[in-house]
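# Summary of structural features
Chain by chain, the residues run as shown.
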There are 2 protein chains.
Amino acid sequence: CIFSMFSFKVTMDDFELACKGLYRALTIREKYMRLAFQRYPSTTSHFLRKIEGEVWKPEHQVQPVFTPPPAAGEDPLDAKSLPPNLGYVARMRDGVIYVYKDSAAADKHEPLPLPTPDLTTFIDDMNFLIALIAQGPTKTYTHRRLKFLRSKFNVHEMLNEMEELKELKNNPHRDFYNCRKVDTHIHAAACMNQKHLLRFIKKSYRVDADRVVYSAKGKEMTLKEVFASLKMHPYDLTVDSLDVHAGRQTFQRFDKFNAKYNPVGASELRDLYLKTENHISGEYFATIIKEVASDLEDARYQYAEPRLSIYGCNPNEWTKLSGWFIKHRVYSPNLMWMIQVPRIYDIFRGRNFVPHFGKMLENIFLPVFQATIDPHSNPELSLFLKHVTGFDSVDDESKHSGHMFSTKSPKPEKWDIVKNPSYTYYIYYMYANIAILNQLRKERGMNTFQFRPHCGEAGAVTHLLACFMTADNISHGLNLKKSPVLQYLYFLTQIPIAMSPLSNNSLFLEYNKNPLLEFHQKGLMVSLSTDDPMQFHYTKVRSDWEPLMEEYAIAAQVFKLSTCDMCEIARNSVLQSGLSHENKVHFLGQHYLKEGPEGNDIRKTNVAQIRMAYRYETLCYELNLIQDGCENGINSSPRGQLV
Amino acid sequence: CIFSMFSFKVTMDDFELACKGLYRALTIREKYMRLAFQRYPSTTSHFLRKIEGEVWKPEHQVQPVFTPPPAAGEDPLDAKSLPPNLGYVARMRDGVIYVYKDSAAADKHEPLPLPTPDLTTFIDDMNFLIALIAQGPTKTYTHRRLKFLRSKFNVHEMLNEMEELKELKNNPHRDFYNCRKVDTHIHAAACMNQKHLLRFIKKSYRVDADRVVYSAKGKEMTLKEVFASLKMHPYDLTVDSLDVHAGRQTFQRFDKFNAKYNPVGASELRDLYLKTENHISGEYFATIIKEVASDLEDARYQYAEPRLSIYGCNPNEWTKLSGWFIKHRVYSPNLMWMIQVPRIYDIFRGRNFVPHFGKMLENIFLPVFQATIDPHSNPELSLFLKHVTGFDSVDDESKHSGHMFSTKSPKPEKWDIVKNPSYTYYIYYMYANIAILNQLRKERGMNTFQFRPHCGEAGAVTHLLACFMTADNISHGLNLKKSPVLQYLYFLTQIPIAMSPLSNNSLFLEYNKNPLLEFHQKGLMVSLSTDDPMQFHYTKVRSDWEPLMEEYAIAAQVFKLSTCDMCEIARNSVLQSGLSHENKVHFLGQHYLKEGPEGNDIRKTNVAQIRMAYRYETLCYELNLIQDGCENGINSSPRGQLV
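Keep in mind it's a predicted model, so treat the numbers as computed, not measured.

### So, the relation of the copies chain A and chain B
Turning chain A through 180° and shifting it by 0.0 Å along the axis lays it on chain B, with an RMSD of 0.0 Å. Taken together, the rotation and translation relating the two chain copies correspond to the operation of a two-fold axis. Looking at the rotation axis and the C-alpha trace of chain A, the residue lying nearest is A:Ile554, at 3.2 Å. Mapped onto chain B, 100% of the interface residues of chain A are again interface residues, and the two copies thus contact each other with one and the same surface.

Set out below in structure tokens:
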């Protein structure tokens, strides 16, 4: 037996210790996912119930709710169907917004019975996981299992590659080009490529030179005057002078990279072309995004999940952003919107924009609670929220805060120093508010929000730990390389990871060192995304969303991915995304929620059933081992001798 | 001085020996280039004359002749302007075609005084070079110089990168997207990508199902019947079932790769869609190529040099090929045609298609000589030849012939065994015939042909030696890695190398091990090309010739090329190509034939003058060293102490 080597290396005690720790870790994530209507694999839940001597029931499984596509003739931005006012009161307490029947209940802090995460329990769970990822036997065990998973995939490939290919060849109508792909991680302000932005700037100048587009210090300026003040003429602009593309200068320099958002290094142009709030009400930015959307609609098989920013600097941001969205009708069936919240409290506090961290959280979440309770109080925001599928948390992870989250950490309303709180602190409070918000929205039959932070691009591995507890899925995940325990847990819980190797190549990690291939081989659920086409991609965006194809093409070339690999990654991207249930049925097949081969419809996904069976059996095998370890029944179990 | 380390490592005697050997090697290539109207850098010629105590004169410089673009309103395929019959006689003797005043002169072998290469001299020169590339001191010297060149470029980059970028930013209108690029190595039968071919097959079935398109063994078949006999319906076809894309199965398997030219593994479909000779006179193939050409014309800044095959199996091939070309008007201003000759004499001889190697050469070259002497005897061929810019020699270089070319080798008419002659033997006889042909065509004011073989993709380094002597430029060149002497000589003579790292990645060498970056840094003249988009590329060919952009994008990403690097490579591709003098003036600037910064027009090329100056000074410095070594004046020379 190929596993017998194991019995000499891992003692039974260590094996049990590791399995019990992993079991508890799995239940921790399950709890937080359920609370926030985020996803957790039923396969893994099954095994947890078996370990507990319980029976798994389908109703235990929660699912996020996304707004279905509009019916034929229905206007997705129509305010008529908004539900009535519930009359509830929402109020923040210790950084978390609670919902009360009325203000009297609020004053007494008698919130409605929406299950909420408890900070003390959260810190306990977190501390348990911090200890687990450093625990020797668990590290050894997971390291070995991961190594084994990779070798096992290589063997699978050598044995079954031709069979997989045969399945695909015999699958009519469907190939890699016409299976659905979602760009699962992309920033709206960089979703056009450099050439597109350049063309747009030139076109705007031809049409709008004499239009007043800018005002600074009370002085209004026409587009001509803006360019004159910058001492340039758009006719002379080139991709080089635009200077938004990341080059060798940005490697390991996130600060320089952020400056690349300024065309020609001029923040005026960023304001004018890439912002939703400016003298022209973000018209240019809306038009560019709509051009990108129209290309996606033409290309038919590609979708994207652009991020728009809410900073939490003042409570009107949501009203302005949703006003922009509705005014310019930025809606597209091929775009699912996400809200990104930059972790820059320290900057706002330094400039005295906010008195404490609690105010920032309140600015971010209270308007959403209020629009959920009384949609007609802010119909534009309520409509916009129907098309928002999740929250992202963004910034340079390599900046270290020095703060360690514990029960003794000041509550958000008491966090009034200029120093930024830790990544985990941000993550917990965003998660807690999203969880309650989702309870409320689910109750009202509204769509829920997923929490999908940037995580593990750089910085400490504890970021990945915080997101293991709280996030439906993450972007980047590079640092899973550094923790076998977390990597194995991400595998067991099939947490989707949106990877952007071209972005990493410009910022943090050279292309051929990217762990994408390794993760994919081991069976982690990875998708491919562009992050910032404006900065990182060369091929043209017009016609066919080429930046995403560039991402797939380069991965296929450098990592020598097979068609089956590429289609599996594309399928992962649809699963990871905020596409509606109806769309997922259409793109992946009606049983897509089932796990394993029966959930796969090869006619739609072009993923071989052999591959699906391999993935499913492999996951079950690993879960089985943990079950054995937990049952303390090594000698009686038929699989015991293998370990 | 940073070079002083040198004085301890290379003794003066060794230095002189190496320089004198390199000097002679340089003069050998110069001689063969001049004889065939192929290019040789004037900078290098200058130094050779200095070493000889002579003065370089511009009239020593030869240039190939390409057909200029048609004047406004002129039909490029109009036979009216063909020149008259000269009445000469062309006849093969010892594998080389000679031109005689008349048959009497031919019978006496009194050829016209066209300078021809001499076999004995050629073998002498070859043997000298074989010894040189194995000579210890020369290997050491060139190895060190190449290492130095690479480090020097790195230093240049660190010092001047920002300055180069500044030049480009200040260069209006021009960026990487709108500087001209030529796909310098692409096979016509794979110039469409897989998706394009698939779409074309489906479209043809919708339109032509009942058309008789195929005949085998006297039986005619409609398109419907062809597909029925293959037990398939085009509606079900996908990119996977088409199965023309190279995958992991083709790595190190050139044989398997060649089979990938058969869609669905069926040679019937290759015949029908990718051949010029078939029941429908190659109509489908012509239409596909014209679609590719029309995309290039729309994209404006991209050109390609597709290869069409002449096998030498029978003397009618040229008539058929040119008939196809004229009938379907495959001409495009964005395509420069090349003829590829597969090195498969052994197969033809084995099937008794040809009696000896001489007949194959005759079938390849005699029709061209005859059409050159009397264009009206074959007007279609004569017109086609106006648009042919060169010859390529193709096949799997890793096949070893076991034959060693020497003065004792049988002459082509005596080579009647089934065994294939060596690569060098093929190359010499192709070169010799092209050289005489060019003499004749130049005299008549016709366009000349460049010799541009596939070389150094695999196999022995002697292939690169043969092409150093005979080829204007080559495709691949990977094996220059294995011979520092040849690599240094390719640098000193600036032989253009069309590299295709994506093709190599599927066949011979993993992407990140490709020497493209290293060659570019050292100053070898490299361009990027696609080789076979059908097999290797993912992005769609329609609109904007994306396979070439994929090639540039991946190189830029994996090798972290700067914009200046990319534009330099694009400029190299135009220089390497068979684009007419008029086009090169238009695309590169009126002084493009001058070397160094004065030959560069940044407004057209977007290559920084700092870069051009660096390249020029670096080449001159290396040539200067050789001059010093040859003059035996180490002590008197101001640079002597540096070496």
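### Quick word on the nonpolar core
Judged by nonpolar contacts, the single largest core of 378 residues is most densely connected at A:Tyr273, A:Phe391, A:Tyr490, B:Tyr273, B:Phe365, B:Phe391 and B:Tyr490. The contact partners of A:Tyr273, leaving out residues within four places of it in the chain, are A:Leu197, A:Phe200, A:Ile201, A:Ser204, A:Leu223, A:Phe227, A:Tyr284, A:Phe285 and A:Ile288.

### Some words on the sheet that holds strand E10 (residues 454-455) of chain B
All names here are of chain B. Strand order in the open sheet made by the 4 strands is E10-E11-E12-E13, with parallel pairing throughout. Every other strand in the sheet has two partners, leaving E10 and strand E13 (526-528) as the edge strands with one partner each. Bridge analysis of strand E11 (residues 474-476) against strand E12 (residues 497-499) gives 2 bridges, and the strand direction is parallel. What sits directly across from Ser-475, in E12, is Ala-498. In the packing of helix H24 (residues 563-576) onto the sheet, contacts are made with E11, E12 and E13, and the angle to E13 comes to roughly 95°.

### Focus: the environment of A:Met192
Residue and element names in this part refer to chain A. Counting through the fold element by element, Met-192 comes out in the loop between strand E3 (181-187) and helix H7 (194-208). The sequence separation of Met-192 and Lys-260 amounts to 68 residues, and the corresponding C-alpha distance is 14 Å. Met-192 has contacts with Leu-197, Leu-274, Phe-285, Ile-288, Val-292, Pro-533 and Met-534, leaving out every residue within four places of it along the chain.

### Description of the interface of chain A and chain B
Facing 51 residues of chain A, the contacting portion of chain B comprises 51 residues. Together chain A and chain B conceal approximately 4500 Å² of surface at their shared face, both sides included; 50% is due to carbon and sulfur atoms. Linking A:Asp175 and B:Lys195 is a salt bridge whose minimum nitrogen-to-oxygen distance equals 3.7 Å. Where chain A meets chain B, there are 14 residue pairs in polar contact (both at pLDDT 80 or more).

### Section: the packing of helix H19 (residues 484-492) of chain A against helix H27 (residues 609-631) of chain A
Two quantities define a packed helix pair, namely the angle between the helix axes and the distance between the axes. Residues and elements named next belong to chain A. One way to put it is that H19 packs onto H27 with a least axis distance of 10 Å and a crossing angle of 120°. By the criterion of interaxial angle, the relationship of H19 to H27 is oblique. Between H19 and H27 lies a crossing whose hand is left-handed. Residues Tyr-488, Phe-491 and Leu-492 of H19 touch H27, and the partners they reach there are Thr-618, Leu-619, Glu-622, Leu-623 and Ile-626. Its residues placed into classes, the contact of H19 with H27 shows 6 nonpolar, 1 polar and 1 charged.

### So, the side chain of B:Gln450
For B:Gln450, the location among the structural elements is in strand E9 (residues 450-451). Every residue in contact with B:Gln450, bar those within four places of it in the chain, is listed here: B:Gln38, B:Arg39, B:Pro64, B:Phe66, B:Thr389, B:Gly390, B:Phe391, B:Asp472, B:Asn473, B:Gln576, B:Ser577 and B:Gly578.

### Structural notes on the side chain of B:Ser529
Residue and element names in this part refer to chain B. Tracing the backbone shows Ser-529 in the loop between E13 and helix H22 (533-536). Among the polar contacts made by the side chain of Ser-529, one reaches the side chain of Ser-500 at a distance of 2.9 Å. Ignoring sequence-local partners within four residues, the contact set of Ser-529 consists of Asp-183, Thr-184, His-185, Ala-498, Met-499, Ser-500, Leu-548 and Glu-551.

Cut-offs applied
- Residues numbered from 1 in each chain as written.
- Chains lettered and ligands numbered in written order.
- Predicted model: local features only at pLDDT ≥ 70, side-chain atom pairs only at ≥ 80, totals over all residues.
- Heavy atoms only, no water.
- Least-squares fit on C-alpha atoms with pLDDT ≥ 70 in both.
- Contact = heavy atoms within 4.5 Å.
- Core = buried A, V, L, I, M, F, W, Y, C linked by side-chain atoms within 4.5 Å.
- Buried < 20%, exposed > 50% of the residue type's maximum accessible area, 1.4 Å probe, protein only.
- Pairing = 2+ DSSP bridges.
- Helix = DSSP H or I, 4+ residues; strand = E, 2+ residues; numbered from the N terminus.
- Axes fitted to C-alpha atoms, helices over the stretch in contact; angles between N-to-C directions.
- Buried area = accessible area lost by both parts, 1.4 Å probe.
- Salt bridge = Lys/Arg side-chain N within 4 Å of Asp/Glu carboxyl O.
- Polar contact = N/O pair within 3.5 Å; in protein donor to acceptor, adjacent residues only side chain to side chain.
- Parallel < 35°, antiparallel > 145°, perpendicular 65-115°, else oblique.
- Left-handed = near helix turned anticlockwise from the far one by under 90°.
- Nonpolar A, V, L, I, M, F, W, Y, C, P; charged D, E, K, R; others polar.

In short, the description is geometric, and any link to function would need to be established separately.
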